Structures are given as structure tokens and as C-alpha cells.
Amino acid sequence: MRTVPSLNVSSITTRDKMKGGQLTVMLIVQDRFFTPLAEYFDEHDKGYDHKLLTTRAVTLLIDFIFAEGWQFDETQGRTRFFSSFASRLRYGSIFGGNDPSGLWWLPRPRYQKLFNSALAFSDWCLAKHERLKMGTSTDFPIEARIACWRAWCGNSLAQLKKPARPQWKSDELALLGLANPASRGRRDVGGPPMFSDSDFKTLLYNGFVRRGSRPGDPIWLRYNLRDMLITLLMHGAGLRISEPFHIFTDDVVVDPFDPEVVQVRIFDPEEGTIRYRHPITGKMVLSNRAEYLRLIHDRRPLTQEGKKTGFKPKRFPRMLLAFWYPRLWGKLFTYLLRFYLLYSRPRSSLPWLFLTLDGLPMTGKAFAERHIDAVRRAGLRIAKELGTTPHGHRHSYAQRLESAKEAGSLDAKTVMICLHHTTLESQEVYTEPSISKITTALRNAGPLAGLDDLDGLINGLQKVDA
């Protein structure tokens, strides 16, 4: 048996003799078995993983009740119970180093799944205790109190699944410097909402540090290299948030025109070409990616999977290229990629470069949530108008190119090609002479202030404190 402690709850994994020894989970609340969850599992037998997730969600819900439930027993507060619980899951309960609730919750990347599971259990409780919708809940058992709050809430599932950001007081904001107009993350009035290079360094140094890692750990243990590489593609090469997730491992090669960096190629996820050995004939064939994924991996392009990852309409018959500017970000990407492929990327036969810990393709939606966590961990404020969203990296890349154009280092056509804009692009752009010309132009544009020292960046990553 395995016990997982909580504030007032613990869970035990055991085997159900009535169901042939299947693994199940039992919840103990204040030294008593929580029978409603066992009844819920009897009616919703969806396997051990589902039981684990539901148990974790209900544990958090009960902890929240013990810590903050008293705030929602009065009439005026009843309807805010579930939205407040969702907000705590998503944004955590700690602010300015303090947590009056005593929960000490950090933001949870899987908050949506946890909240959905807690909500499903709450709906079941409501159906069971329909007669308890009215009146005060303080003397009811826990499952009945949950049913009361669910009834009082009255919101649709769609509304409840969009938790509002916590509304912090001005003195709390001041603790983090967010109320100060000169606080970090603020952009100049009139400029594009871009992720500044100075804030980006802060994000690299502090945002992607793994929880529980220590100074002196190898870089692949200290940092989430996958998310760093994705962010570097957006910030240093201007990729849109959906584009990195369609990249196959073999799409990244040494740049023939600049051997110190890698060349990242982005193919249309469905019609892009790929060469592979046919499993029946054994011959090398050239086909599109949709056919390759179906035949070799029994998969579909991510644009067709259940949780679809988008892709802009095809701009080239063949592919797109990622052009690094400044070159430093390409060199850092190349440096980190080696460790990611050797130590961090899960062992998998799937072709995608960026995989989850389970060995499945990473999606743009999942990364966006992780980017939010990283920005917050770096101490930056998250807001579209401040440029601290994923798309702010592309704006930063575009602004650097525009500055180089104004200085006479790049022409308008090169800028538009690097940004993958359609107006001036055509297949002939990607002939070898033109690629060489663009690469040389970007390299000759010169390093930007503070962005020409790879060794300094690497040393900065290695010296970050816990």
C-alpha cells in the first residue's frame, strides 16, 4: 500500500478483491474512509489512472474546504466557491511570500484536468444530495457541502472551466513591484508588445529551472531544455507558437552555410515531403508526411489529431527555414539541443522533436501553459500588452530585424523572408544561393548590444542559484 499525505486527507493504493485484484485508491479523511469516493468509483470504473487523477482532485478540493471553506458559507460568498478553487489551482495560493490560507499551493500545470475531475465528482455529489440544495452547509458531511456549493453556484461547465485571475490588492501588487509603472515587464508606450531581450535572459536563467534541482547539477537536470529550445525558436528565429511542434528530429541539421549553428526546417505537417524506407518494399521512397505518419507510425499529423496543433496555410511548396537573429540565439540553441537529444528527450520511435515525458508529441496549448509558469517563475508580469506572452517573442524578433533594416544592414525583402510573410515569398527564395545570401546578411548585420557572448550566457545558466 502507498499513502500520500495531505493537510487533512491521505490516500491509499490497494487492490480490490471484489474486482479480481484491480488496483484502486481509497481516501481517508480525518481518520475515516471517505465512502462517497468509493461509491463514485463503483459507478465510474474507468481504470486506475482515472482513479488516481480523481483522488488527487478530490484531495485538493477537500483541503481547500478545510482551509478556506468558511469564506463561502455566507450567502454572498456561496457562488464564488468553485471559481475560487479553480483560481487557486491555476495560480497557486502564495503571493508576496505569504499564504494566509496555509495551503501553500504552487501553480499546477495540470490544473484544468484536476478541476474537471473535481467538478465531475461535485456533480455526482449534487445528484446524490439534491434535497440539500437549500440552507446552510456547515453541519453537513463533506460530500453534502460540496453538493450545496455546486447547487448554489449554478454556473455552466463552460463558465466554470474558465477561472478568473485572482484580483490582488494594491499593497500585494507593490510587494512584487507590479503596481510601479517602472516595474519589470513594462513596454514603452507606442512600441510593439514584445518580449525584451533583457527580460528574455531573465526568463532563460530563472524561468526554466526545474523544481527540486540544485546549483551545480548538469544542465539537463537543472533546466527544462525542451521548453527552452521551443522558446529560443520563437525568440531567436521568430517562429509562431504552433510551428515548433511540427518539427521532426531529422528536420534539424547542421547549417551548411554556418556550421556553428543548426538549420531548422519547418515542413507543412501534412503535405511536406519526407524520404523514408518503405516497410514492405524496403526501398527509399519520397512521400508526404501524412502518408509517412500513417504508414510507419500509425499516427496522423498534429493538425488532424484530437488536440489539434494549428499551422498557417502553406506558403511554400517545400518548406520554411528558421533564420537566427542574432546568431547568438542559434548558437545557444545548438549548444542546448545536444544535451536535450542525449539526456532529456524521451526514448521514442516517434519522429517529432519535442515530446512530453510520456513520449507523446508536445502541443502548442500545453506549451503555452508552461510558458506562463516560466514567466511567472522568472518574476515577470504576464500580459499581452507587455509582450510577455509566447507571441511577444516573435514581435521581439521582428523588431530586431526592423532595427537592422533601419540601420541599413538588411533590406525589406530579407526581413519579410525571415518573418515568413507571404507578400515577397516564393519557392525561388529557397534556392541555395538565396539561403546563403540571407544567412550572410544576418551574420554581417552584426551582434546586438549584450547579445554576442555565448560563453557568458552559458556561464550565466550554470551560476543560477536555486
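See the structure printed just above.
Criteria and cut-off values
Residues numbered from 1 in each chain as written. Predicted model: local features only at pLDDT ≥ 70, side-chain atom pairs only at ≥ 80, totals over all residues. Heavy atoms only, no water. Helix = DSSP H or I, 4+ residues; strand = E, 2+ residues; numbered from the N terminus. Buried < 20%, exposed > 50% of the residue type's maximum accessible area, 1.4 Å probe, protein only. Contact = heavy atoms within 4.5 Å. Areas by Shrake-Rupley, 256 points an atom, 1.4 Å probe, with all protein chains shown as cover. Pairing = 2+ DSSP bridges. Axes fitted to C-alpha atoms, helices over the stretch in contact; angles between N-to-C directions. Arc of directions from axis to C-beta. Expected span 1.5 Å × (residues − 1). Salt bridge = Lys/Arg side-chain N within 4 Å of Asp/Glu carboxyl O. Polar contact = N/O pair within 3.5 Å; in protein donor to acceptor, adjacent residues only side chain to side chain.

## Some words on the overall build of the protein
Here is step 1 of the chain: When you go through the protein residue by residue, the secondary structure sums to 17 helices and nine strands.
Here is step 2 of the chain: Across the 466 residues of the protein, 50% fall into the buried class.
Here is step 3 of the chain: Here the analysis covers contacts within the protein between residues at least 6 apart in sequence; of these, 62% occur between residues at least 24 apart.
Here is step 4 of the chain: Put simply, the protein shows about 23300 Å² of open surface, and 52% of that area lies on carbon and sulfur atoms.

## Here's the deal with the sheet that holds strand S6 (residues 262-267)
Here is step 1 of the chain: One open sheet accounts for three strands, arranged S5-S6-S9; its pairing is antiparallel. Both edges of this open sheet fall to strand S5 (252-254) and strand S9 (319-322), since each of them pairs with a single strand only. Averaged over neighbouring strand pairs, the angle between their axes works out to 30° when direction is ignored.
Here is step 2 of the chain: Here S5 runs beside S6; their pairing, made up of three bridges, is antiparallel. What sits directly across from Val 252, in S6, is Val 264.

## Some thoughts on helix H1 (residues 35-43)
Here is step 1 of the chain: Taken together, the buried positions of H1 are occupied by Pro 36, Leu 37, Tyr 40 and Phe 41. Projected down its long axis, H1 shows its buried positions confined to an angular sector of 140°, all on one face. In this structure, H1 carries Asp 42 and Glu 43 as exposed residues pointing more than 90 degrees from its buried face.
Here is step 2 of the chain: The inward-facing, buried residues of H1 contact strand S3 (22-29), helix H2 (48-68), helix H4 (111-128) and helix H5 (142-153).

## Description of helix H12 (residues 327-344)
Here is step 1 of the chain: The terminal C-alpha atoms of H12 lie 24 Å apart, and with 18 residues this matches the ideal 26 Å at 1.5 Å per residue to within 8%.
Here is step 2 of the chain: Those residues of H12 that fall on the buried side of the exposure criterion are Leu 328, Trp 329, Gly 330, Leu 332, Phe 333, Tyr 335, Leu 336, Leu 337, Phe 339, Tyr 340 and Ser 344.

## Remarks on the pattern of salt bridges
Here is step 1 of the chain: This structure, assessed with the given rule, holds 13 salt bridges.
Here is step 2 of the chain: Between Arg 88 and Glu 68 there is a salt bridge, with the nearest N and O atoms lying 3.0 Å from each other. Separated by 20 residues along the polypeptide, Arg 88 in helix H3 (residues 81-91) and Glu 68 in helix H2 bring together distant segments of the chain.
Here is step 3 of the chain: By relative accessible area, Glu 68 is classed as buried at 5%.
Here is step 4 of the chain: Residue Arg 294 pairs with Glu 291 through a salt bridge whose shortest N-O separation is 2.6 Å. Of this pair, Arg 294 and Glu 291 both sit in helix H11 (residues 289-297), separated by three residues, roughly a single helical turn.
Here is step 5 of the chain: Salt bridges sharing partners connect three or more residues here, namely Asp 258, Glu 260, Arg 327 and Lys 331.

## As for the pairing of S6
Here is step 1 of the chain: Among the six residues of S6, five are classified as buried, and the element is accordingly described as predominantly covered.
Here is step 2 of the chain: Alignment of S6 against S9, held across four bridges, turns out to be antiparallel. Looking at the pairing, Phe 267 lines up with Met 319 of S9.

## Examining the environment of Gly 47
Here is step 1 of the chain: By secondary structure assignment, the location of Gly 47 is in the loop between H1 and H2.
Here is step 2 of the chain: Note on Gly 47: relative accessible area 28%, which makes it partly exposed.
Here is step 3 of the chain: Separated by 25 residues in the primary sequence, Gly 47 and Gln 22 place their C-alpha atoms 8.7 Å from one another.

## Let's talk about unusual backbone geometry
Here is step 1 of the chain: Each neighbour pair has its own omega, and for Tyr 325 with Pro 326 the value is 0°, a cis peptide bond.
Here is step 2 of the chain: Its place among the elements puts Pro 326 in the loop between S9 and H12.
Here is step 3 of the chain: One non-glycine residue, Trp 104, lies in the positive phi region at around 55°.
Here is step 4 of the chain: Along the chain, Trp 104 falls in the loop between H3 and H4.

## Description of the side chain of Asp 251
Here is step 1 of the chain: Positionally, Asp 251 belongs in the loop between helix H10 (225-237) and S5.
Here is step 2 of the chain: Only 2.9 Å separates the side chain of Asp 251 from the side chain of Arg 289, close enough to count as a polar contact.
Here is step 3 of the chain: Sequence-distant contacts of Asp 251, that is, excluding residues within four places in its chain, are made with His 246, Gln 263, Val 264, Arg 265, Phe 267 and Arg 289.

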